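Structural features, examined
Here is how the chains run, residue by residue.
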Amino acid sequence: MIRPDAQLRAGHVPADLIPPGTDPRTVVIVHTTPRSWTGPVVLILVATVGVCGLVYVTTVAVLSLVQVAATTAAAIKTAVPTLIGGGGLITLAVKAPKKKSSK
């Protein structure tokens, strides 16, 4: 037995652990139970699933908002000429800023 805890697990009580004046036959060695990894592993799995679910729900919400915005923009684009009375002479356009050329 190379390791000291192996001696204790085998039931050998070293003399330096017994207080003076104590009968060695009355000494009881109490061992702790090995650590269970079930709780931390389950916690990590639940946290991972929760984060993935949150990312999924957020993505679906953002895509739904983009779809609603696109539908609203298309409806406004078709309704504005009719509301103005131009008969299709007015169109909506987005003007992009000019790129600065570096020389």
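These numbers were taken from a predicted model, which means no experiment stands behind them.

Counting its secondary structure elements, the protein chain contains two helices and zero strands. Scored against the burial criterion, the 103 residues of the protein chain give a buried share of 2%. Total accessible area on the protein chain stands at roughly 9600 Å², and carbon and sulfur atoms take up 69% of it.

It is worth spelling out the pattern of salt bridges at this point. All chains considered together, the criterion is met by one salt bridge. Here Asp23 ties to Arg25 by a salt bridge, and the two come within 3.2 Å at their closest N and O atoms.

Another aspect to go through is the packing of aromatic side chains. Considering all chains together, one arrives at zero aromatic pairs under this definition. Its guanidinium or amino end placed over the ring of Trp37, Arg35 lies 4.8 Å from that ring's centre, counting from NZ or CZ.

The next subject is a nonpolar patch on the surface. On the surface, Trp37, Val41 and Leu45 cluster together into a nonpolar patch covering about 340 Å² of accessible area. By the element assignment, Leu45 lies in helix H2 (residues 38–84). We classify Leu45 as exposed; its relative accessible area is 54%.

Another point: the environment of Thr22. Along the polypeptide, Thr22 turns up in the loop between helix H1 (4–9) and H2. A distance of 3.2 Å separates a polar side-chain atom of Thr22 from the backbone oxygen of Pro19.

What counts and how
Residues numbered from 1 in each chain as written. Predicted model: local features only at pLDDT ≥ 70, side-chain atom pairs only at ≥ 80, totals over all residues. Heavy atoms only, no water. Helix = DSSP H or I, 4+ residues; strand = E, 2+ residues; numbered from the N terminus. Buried < 20%, exposed > 50% of the residue type's maximum accessible area, 1.4 Å probe, protein only. Areas by Shrake-Rupley, 256 points an atom, 1.4 Å probe, with all protein chains shown as cover. Salt bridge = Lys/Arg side-chain N within 4 Å of Asp/Glu carboxyl O. Phe/Tyr/Trp six-rings, centres within 6.5 Å; stacked < 30°, edge-to-face > 60°. Lys NZ or Arg CZ within 6 Å of the ring centre and 35° of its normal. Patch = residues over 30% accessible without salt bridge, like charges linked within 9 Å, V, L, I, M, F, W, Y side chains within 5 Å. Polar contact = N/O pair within 3.5 Å; in protein donor to acceptor, adjacent residues only side chain to side chain.

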